Amino acid sequence: LPTQGSLLYLDALHTAFPQALALRGTALFSWAPSTSCTPVGWPLPTLYCTPAEAGALPSRAAALRVQLLFALRQRALRVLEAGLAAELHDALATLRTDWAGLAQDMELGRLSPQPGLPEGARGRLEALLVPDVTRAAELRAECAQGFEGIVQRLWPQLEVVVVGTVHGTERLYCDTLRQADCKGLPFYCPFYWVAGALLGVNLWPEEPAPRFLLCPDWAFYEFLPCPAEEEPRTVLLGELWEGREYGLVLTARPGDYRCRAGEVLRVTGFHKQCPVVEPTRRESQTLSVRGESIPEERFYQSLCCAVGMWPGARLVDYVCVESALLGPSSGVCAPHYEVFVELRGLRDLSEGQRYKLDQCLQEDFPIYKSFRFKGSIGPLRLHLVGAGAFARLRDALGTPVPMPRVLREERLLQLIQSAVIS
């Protein structure tokens, strides 16, 4: 992380939220099993109440539970930070299912044995705990009242939630957190990363839609105008136009290969002659069984529309699969989409309700409607999976990166199929 990026981030955060840099006032939820060094994000480890070793445990589920326990001990937290919004989402899901166990651990000043928590690491982390009967009682009282807005009830001085990204696969988790557990809190996405390279920083923490200042000396940028021209020609930073969309071509460091990053950006303005951009979509994440190419973000909008027509339902998570990847289990009908959904507040769906998603897709995508009318694309199939299935899938994925929303890996497909309940 360039030092300039860290300083810009801290300055923007302090300007918007003056108490955010309090000593031990930040709780981190991030899993990085390959390293035990200070978590990236903050350049000052004393701001964290979370031990760095907790994020380096071999098990993702164990790491998030330990980080949650240390966060719960600090009533005066100012910031919740997550490398991925999915990590904060899954940590708070653990709070829903295991709050009684967490309260008991806090009351006794211990760390319960669990899979993925080696005894040596458990002993070192447990040495940092002390019994706290009062905080344990407060945790029990708040969780007994339900989990709507639980974050601000447990940490009344909390000012902001900092997440690594709010785009692409992470958007759903941010939306879910905003609507329930983190209701009323602003979300701040400070950095724009592509392929492991830092490209921009968000200087406007209080704005709901993140936009990023591209820093000229962090990488070499080129841009392809969208829609594509007959004879495509890249343009440079000084040739961008406000309001237009561009595909990003990136050379991150000297000696790196020049490549299309698969990101499409919209120029929203300029800050001291440097362009300010908003990521709009990823070209690689599309559904296409007949060349219709439905972007992930647009599919998500159609899914949210369908969920809104299922009374009492709240979308927890989903993945999409092109039927050809499922082999014989997808049946003998025309190629189609298989969608696996986890819901809260609704245990089953009628056939009519399931068909609502196919209808929404036809309304939103005329090309999809045309293929459906011709019969060259079959009806979409919707499957419900059990509670917690996607958290277990992320644990099984075994890497601290966003889980793809359009699944194309056979091992993951088998795992999600095994969780289907209807």
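Each chain carries its own residue numbering, running from 1 in the written order of its sequence. Predicted model: local features are reported for residues with pLDDT of at least 70 only, side-chain atom pairs are reported and counted for 80 or more only, and whole-chain, interface and lining totals are derived from all residues. Computation of side-chain values: all heavy atoms of the structure, hydrogens and water removed.

### A few points about the confidence of the model for the protein
Looking at the protein, the pLDDT average stands at 89 and 95% of residues meet or exceed 70. Confidence scores per residue from the predictor, reported as pLDDT, run from 0 to 100. Helix and strand definitions follow DSSP, with helices as H or I runs of at least four residues and strands as E runs of at least two, each counted in order from the N terminus. Mean pLDDT across the secondary structure elements of the protein bottoms out at helix 12 (residues 410-418), with 81, and peaks at helix 5 (residues 133-144), with 97.

### A closer look at the environment of Met403
Structurally, Met403 is set in the loop between helix 11 (389-397) and helix 12. In the structure, Met403 is positioned 376 residues away from Ala27 in sequence and 23 Å away in space, judged by C-alpha atoms.

### Let's talk about the environment of Ala219
Summarising the element assignment, Ala219 is placed in the loop between strand 7 (212-214) and strand 8 (220-226). Assessed through its relative accessible area of 10%, Ala219 is described here as buried. For the pair formed by Ala219 and Ala252, sequence separation is 33 residues and the distance between their alpha carbons is 4.6 Å. Every residue pair with non-hydrogen atoms within 4.5 Å of one another is taken to be in contact. Ala219 has contacts with Leu199, Leu250, Thr251 and Ala252, leaving out every residue within four places of it along the chain. Only protein chains enter the accessibility calculation, which uses a 1.4 Å probe. A residue is then buried if its area is under 20% of the maximum for its type, exposed if over 50%, and partly exposed in between.

### What about the packing of aromatic side chains?
Classification of ring pairs rests on two measures: the distance between centres of Phe, Tyr or Trp rings, Trp counted by its six-membered ring, which must be within 6.5 Å, and the angle between planes, read as stacked under 30 degrees, edge-to-face over 60 and tilted in between. Applying the stated criterion across every chain, the model contains nine aromatic pairs. Where Phe191 meets Trp193, the ring centres are 6.3 Å apart and the plane angle is 80 degrees; that geometry is what we call edge-to-face. Looking at Trp193, the relative accessible area reads 40%, which means it is partly exposed. Counting every residue linked through ring pairs, the aromatic cluster contains Tyr9, Tyr188, Phe191 and Trp193. Criterion for a charge above a ring: Lys NZ or Arg CZ within 6 Å of the ring centre, and within 35 degrees of the ring normal. Sitting above the plane of the Trp204 ring, Arg211 keeps its charged end 4.0 Å from the centroid. If you follow Arg405 out to its NZ or CZ, it ends over the ring of Tyr318, 4.6 Å from the centre.

### As for the sheet that holds strand 15 (residues 337-344)
Whenever strands of a sheet pair, they do so through backbone hydrogen bonds, lying parallel or antiparallel. Each pair of strands is called paired provided DSSP finds at least two bridges between the two strands. The strand order across the open sheet formed by three strands is 14-15-16, and the pairing between neighbours is mixed. Of all strands in the sheet, those with a lone pairing partner are strand 14 (314-322) and strand 16 (381-384), marking the two edges. Averaged over all pairs of adjacent strands, the angle between their axes in this sheet comes to 25 degrees, without regard to strand direction. Across eight bridges, the pairing between strand 14 and strand 15 is antiparallel. Along strand 15, the bridge assignment pairs Val321 with Glu338. For helices, the fitted line uses only the C-alpha atoms of the stretch in contact; every axis is such a line through C-alpha atoms, and the angle between N-to-C directions lies from 0 to 180 degrees. Across the sheet, helix 8 (residues 296-307) is in contact with strand 14 and strand 15; its angle to strand 14 comes to roughly 130 degrees.

### As for the pattern of salt bridges
Whenever a carboxyl oxygen of Asp or Glu lies within 4 Å of a side-chain nitrogen of Lys or Arg, that contact is scored as a salt bridge. Scanning the entire structure with this criterion turns up 29 salt bridges. Where Asp90 meets Arg394, a salt bridge forms, and the shortest distance between an N and an O atom there is 2.5 Å. Taken as a pair, Asp90 in helix 3 (residues 85-108) and Arg394 in helix 11 lie far apart in primary sequence, 304 residues in all. Take Arg394: its relative accessible area is 6%, and that puts it in the buried class. One connected set of salt bridges, linked through shared partners, spans Arg60, Asp90, Asp317, Arg394, Asp395 and Arg405.

### Some points on the packing of helix 9 (residues 351-364) against helix 10 (residues 366-374)
Running from amino to carboxyl end, helix 9 crosses helix 10 at an angle of 120 degrees, the nearest separation of the two axes being 5 Å. By the angle class used here, helix 9 and helix 10 are oblique. For the pair helix 9 and helix 10, the contacting residues are Tyr355, Asp358, Leu361, Gln362 and Asp364 in the first and Pro366, Tyr368, Lys369 and Arg372 in the second. Lys, Arg, Asp and Glu make up the charged group, whereas Ala, Val, Leu, Ile, Met, Phe, Trp, Tyr, Cys and Pro make up the nonpolar group; the residues left over, Gly among them, are polar. Among the residues forming the contact of helix 9 with helix 10, the class breakdown is four nonpolar, one polar and four charged. By the definition adopted for this analysis, an angle is roughly parallel if under 35 degrees, roughly antiparallel if over 145, roughly perpendicular if from 65 to 115, and oblique otherwise.

### Points about helix 10
Buried residues of helix 10: Tyr368, Phe371 and Arg372, and no others. For helix 10, the buried positions fall inside an angular range of 100 degrees around the axis, keeping them on one side. Along helix 10, exposed side chains directed more than 90 degrees from the buried face belong to Pro366, Phe373 and Lys374. On its buried side, helix 10 packs onto strand 13 (294-295), strand 15 and helix 9. Gly375 occupies a position one or two residues after helix 10 and carries a positive phi of about 85 degrees. Each direction from the helix axis to a C-beta atom contributes to the arc, which is the arc of those directions.

### Description of the side chain of Glu263
Within the secondary structure, Glu263 is located in strand 10 (residues 259-271). Contacts described as polar in this section are N or O atom pairs within 3.5 Å, which, within protein, must combine one atom able to donate a hydrogen with one able to accept it, while residues neighboring in sequence count only if both atoms come from side chains. A polar side-chain atom of Glu263 sits 3.1 Å from a polar atom in the side chain of Tyr192. Aside from chain neighbours lying at most four places away, what touches Glu263 is Tyr192, Val194, Tyr246, Gly247, Leu248, Pro279, Arg281 and Arg282.

### Observations concerning the pairing of strand 1 (residues 26-29)
Of the two faces of strand 1, the one lined by Thr26 and Leu28 and the one lined by Ala27 and Phe29 are each fully buried. Here strand 1 pairs with strand 2 (residues 79-82) via four bridges, running parallel. Each bridged residue has a counterpart across the sheet, and for Thr26 the counterpart in strand 2 is Val79.

### Topic: the nonpolar core
Membership of the largest hydrophobic core comes to 101 residues, with the highest contact counts inside it found for Phe29, Leu80, Leu95, Leu199 and Phe223. Other than its neighbours up to four places away in sequence, Leu80 contacts Ala27, Phe29, Leu88, Val151, Trp155, Leu158, Val160, Val161 and Val162. Buried residues of nine kinds, namely Ala, Val, Leu, Ile, Met, Phe, Trp, Tyr and Cys, make up a nonpolar core once their side-chain atoms join them within 4.5 Å.

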